[in-house]
Amino acid sequence: MISNPQLRHGLPWTIKHRPRTVEEIVGNNESKQAFLMWLKPWIEGRQSKQKTVMLYGPPGVGKTLLVEVACEQYNIDLIEMNAGDLANAESVKKIAGFASINENILNFTQPSKEFRSKRLILFDEVDSIEGAKAPDIINAILEIIDASRYPVVLIANDAWNPNIAALRSKCQLIEFKRLGVRDVIFYLKKICSIEKLTCQDQALHIIAERNNGDMRSSILDLQLAASMSIDKNITPALANVASSRDRVYDVFTVLRKIFYARTASSARDALNETIQDPEIISAWISFNLPYIYTDIRDLAAAYDALSLADIFKNVSEQKRYWKLLSYYLELISAGVALSVKNRPAKSTYNYPKSLRLASQLKEKRAIKQKLLELLSKKLHASTSKINNEYLPYIAIIASNPKNLKLISSWLRLDEKTISFLEEYTKSAQK
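Residues numbered from 1 in each chain as written. Predicted model: local features only at pLDDT ≥ 70, side-chain atom pairs only at ≥ 80, totals over all residues. Heavy atoms only, no water.

Novice: How should I be thinking about the overall build of the protein in this particular structure?
Specialist: The helix and strand inventory of the protein stands at 19 helices and seven strands. Looking at the protein residue by residue over its 430 residues, the buried ones come to 44%. Excluding contacts between residues fewer than 6 apart, the proportion of contacts in the protein whose partners are at least 24 apart in sequence is 72%. Taken as a whole, the protein presents about 23900 Å² of accessible surface, with 53% of it coming from carbon and sulfur. (Helix = DSSP H or I, 4+ residues; strand = E, 2+ residues; numbered from the N terminus. Buried < 20%, exposed > 50% of the residue type's maximum accessible area, 1.4 Å probe, protein only. Contact = heavy atoms within 4.5 Å. Areas by Shrake-Rupley, 256 points an atom, 1.4 Å probe, with all protein chains shown as cover.)

Quick look at the structure:
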């Protein structure tokens, strides 16, 4: 910790009060020790059998901080690339690729035969790599891992993201868990002491609980509360204002928050902090329950809650009595979370088959509608009439490959629509 509060004045407190040693980093002690054990051979100048490690877990728990502080503490040269740097394979190879095999990254010389261990290659937020360029970027990282003469660290929020399966298979996995409220409050009190703030325990508890174990966000909220205080007194009212900003979570975070919730309010909050439709979340919960709850009694109780939730939802829609929807939302979140007695098993979350099937059917319906509209323009008839009267005959005509080719050319069909017409033709013949 920085002992003089006047230093780095005006900087975010996440930087100003940044730990200087691994020992000062709060929480996840087992994970920190596992990382240091992995790093030890490299610190001592020896190559380890396991070249690559992946640190994974929720944001704000110190994954990247641990790597940066360890490198400073043990005098290791850190080559770091984050999500913004991982834009294309070329930049990855140019920066991290060159640094992973060359001793002197300032001189474009051939790699020396002598091994030097005082360097570490860090790829941060690898689970955010997505889009058309993702395969090339991931392949570039894999090539760097294979060729690197130095240790490589990958950091992810979700280690089980399918996009990074190839990277995960190369790594020793070290999990980081959410920080407890007490751990966060302990560190916030240290900052309050250095900044000469008077902080009420209830105020710090509000900040720590609202941020759900995210130390980085908690520190920023404390700084915001301090900036609004006239007398350097952090009250519960200030804490409520500072930490009230909306947070939007992805579906995996919502599932974790519901399955591991210990109170009804925290489970409900998880549902409120996502833009996903509650029906989508309910489908995810229903499909993943058997992977999460290993005790059959817990599993039955959780499904009972979902079943009752469906009853409230259906009645509310049929009777137009929308107040009942509040019970539906309560049951799919707090009802599931509090229906079990045993802690959930560690597990990955699987994409619901029902949603995948619905997505495929939706795509097919869209393609069929497009075909009907094209035929409607050509035949000067409604899409309804085309569907009921004309399409069955067109399917018979299109059963001949030559006719299918002519129809495709006549309507200027794309490959997906042609494939749909071929499938429709085969199903019509059965």
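The discussion continues.
Novice: Is there a simple way to think about the pattern of salt bridges in this case?
Specialist: Oppositely charged side chains can pair when the atoms bearing their charge come close. Per the stated rule, a full pass over the model turns up 11 salt bridges. With a closest N to O distance of 3.3 Å, R119 and D77 form a salt bridge. With R119 in strand β3 (residues 119–123) and D77 in strand β2 (residues 77–81), the pair connects residues that are 42 residues apart, well separated along the chain. Residue R119 is classed as buried on the basis of its relative accessible area, which comes to 6%. (Salt bridge = Lys/Arg side-chain N within 4 Å of Asp/Glu carboxyl O.)

Novice: Can you help me understand the sheet that holds strand β5 (residues 172–175) in this one?
Specialist: Pairing between the strands of a sheet is mediated by backbone hydrogen bonds and can be parallel or antiparallel. One open sheet accounts for five strands, arranged β2-β3-β4-β1-β5; its pairing is parallel. On the outer flanks of this sheet lie β2 and β5, each paired with one strand and no other. The sheet shows a mean angle of 20° between the axes of neighbouring strands, direction not considered. The pairing of strand β1 (residues 52–56) with β5 spans four bridges and is parallel. Opposite Y56, over in β5, you have E175 as the bridge partner. Its contacts with the sheet place helix α5 (residues 134–147) against β1, β3 and β4 (152–156), and it is angled at close to 145° to β4. (Pairing = 2+ DSSP bridges. Axes fitted to C-alpha atoms, helices over the stretch in contact; angles between N-to-C directions.)

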